[in-house]
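Descriptive analysis of the structure
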Amino acid sequence: MAIDRRFLDVGITILGIVNAPADNPTEGDQYIVGSASTGAFAGVAANSVARYDGSKWNFSVPRAGTMEALDASAGTILRYNGSAWEIVADFNSFIAPVNNIIASGTTLPASCSEGDTFLNTSDNKIYTATAADTWNDGVALSNGARYASSTDFNVYESNGEEFTASDIKDGGLFLNKFDGCIYVYDKIAGEFKRNGADVTVTEIHSLTAYDVVAKSFSLSSSIAVGRENQVILSVGGVAQVAGVDFTASGNLISWNAKALEAIGLVEGDTFVVHYIKA
């Protein structure tokens, strides 16, 4: 039988409130559906949470007061009030989000490997290497685009034509939209580090028919080695015990020959998973 979801209470990271998702989604990508849904979200109720499982989008409809979300695109914490997502915390005064951490300078490096990216502050473009020592023509940045520089440890913000640079102080924090993690600037080490030793990820996953048969599903990231038994998992608001009710390993949650197998999970049952990211 289906799991009772009346006690669902989750905290998740989303990539923004959108009417349609970005092209080429990655497994684990999550959005809140906007009020004029289209494309892959066409016909989906506004305010739904969308999660990509690697092959298709799954949707969950929240109930008032049962869900909070970190919006990595805006640097805010949102709570669903029954009719809309309202901002309950805003990090932008001290932890404003950036698009990504990227090397920067005024001249394209002569040496590069395929896939490398570079922020050229002289022409307001992002360049990507298409092959060894070969850069593309660059893509002009739009107004408001922000990047943290791994070269000089500034944050660069574009107005669509040029950049304004802001110095990051030792211990300064920022939210990286690319991976949804908070970073801190360690001036002595001369690098950006993910804030603290542990980065906790929260995901919501609705079982597919394949998951039910396989008795497992994949997370968007791997679990930190040695922290597998610290994974917090609940279904229907009921917490399960790692190693007893389920197994957590790598990026996989499974329940073959574990106590959770006896519940009789079905397609659509919803899991909430909190884990420390590798």
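Bear in mind the structure is a predicted one, so any value in this text is a computation, not a measurement.

How each quantity is defined
Residues numbered from 1 in each chain as written. Predicted model: local features only at pLDDT ≥ 70, side-chain atom pairs only at ≥ 80, totals over all residues. Heavy atoms only, no water. Helix = DSSP H or I, 4+ residues; strand = E, 2+ residues; numbered from the N terminus. Rg over C-alpha atoms; globule rule 2.2 N^0.38 Å. Contact = heavy atoms within 4.5 Å. Areas by Shrake-Rupley, 256 points an atom, 1.4 Å probe, with all protein chains shown as cover. Core = buried A, V, L, I, M, F, W, Y, C linked by side-chain atoms within 4.5 Å. Buried < 20%, exposed > 50% of the residue type's maximum accessible area, 1.4 Å probe, protein only. pLDDT = per-residue confidence, 0-100. Pairing = 2+ DSSP bridges. Salt bridge = Lys/Arg side-chain N within 4 Å of Asp/Glu carboxyl O.

Within the protein one finds one helix and 27 strands. Relative to its length of 278 residues, the protein is compact, with a C-alpha radius of gyration of 21 Å against a globular reference of 19 Å. With the C-alpha coordinates of the protein rotated into their principal frame, the extents come out at 60 × 45 × 35 Å. Summarising the internal contacts of the protein: among those between residues at least 6 apart in sequence, 47% fall at separations of at least 24. Accessible surface for the protein amounts to roughly 13600 Å². Of this, 50% is attributable to carbon and sulfur atoms.

Here the focus is the nonpolar core. Within the largest apolar cluster, 18 residues are counted, with the highest numbers of intra-cluster contacts made by F217, V231, F246, I253, F271 and V273. Here this core gets three residues from one element, more than from any other, and that element is strand β27 (residues 270-276). Beyond its immediate sequence surroundings of up to four residues, F217 is in contact with H205, L207, D211, N251, L252, I253, W255, F271 and V273.

With respect to the element layout, S234 can be found in strand β23 (residues 232-235). Here S234 is in contact with A239, T270, F271 and V272, once residues within four sequence places are set aside.

Atomic detail in the predicted coordinates should be set aside for any region of low pLDDT. Averaged over the protein, the pLDDT score is 84; the fraction of residues at 70 or greater is 91%. Low pLDDT (under 50) marks residues 1-10, which in the prediction has 27 contacts with non-local residues, meaning those over four places away or in another chain.

On to the sheet that holds strand β5 (residues 57-60). As summarised here, the arrangement of the four strands in space is β2-β3-β4-β5, forming an open sheet in which the pairing is mixed. The sheet is open, and its two borders are formed by β2 (17-18) and β5, each paired with just one other strand. Here two bridges tie β2 to strand β3 (residues 30-33), and the two strands are oriented parallel to one another. Each bridged residue has a counterpart across the sheet, and for V18 the counterpart in β3 is V33.

Moving on, we get to the environment of G250. Mapped onto the secondary structure, G250 falls in the loop between β25 (247-249) and β26 (252-254). Given the relative accessible area of 30%, G250 is considered partly exposed. Ignoring anything within four residues of it in the chain, the contact list for G250 reads S221, S222 and I223.

In this structure, A132 sits in the loop between β12 (125-131) and β13 (134-135). In this structure the C-alpha to C-alpha distance between A132 and D23, which are 109 residues apart in sequence, comes to 26 Å. The contact partners of A132, leaving out residues within four places of it in the chain, are C112 and E114.

Before going further, it helps to spend a moment on the pattern of salt bridges. Under the definition given, this model contains seven salt bridges. When the shortest N-O distance is used, the salt bridge between K56 and D53 registers 3.1 Å. With a shortest N-O distance of 3.3 Å, D167 and K169 are connected by a salt bridge. Assessed through its relative accessible area of 58%, K169 is described here as exposed. What emerges from the salt-bridge pattern is a single network uniting D186, E191 and K193.

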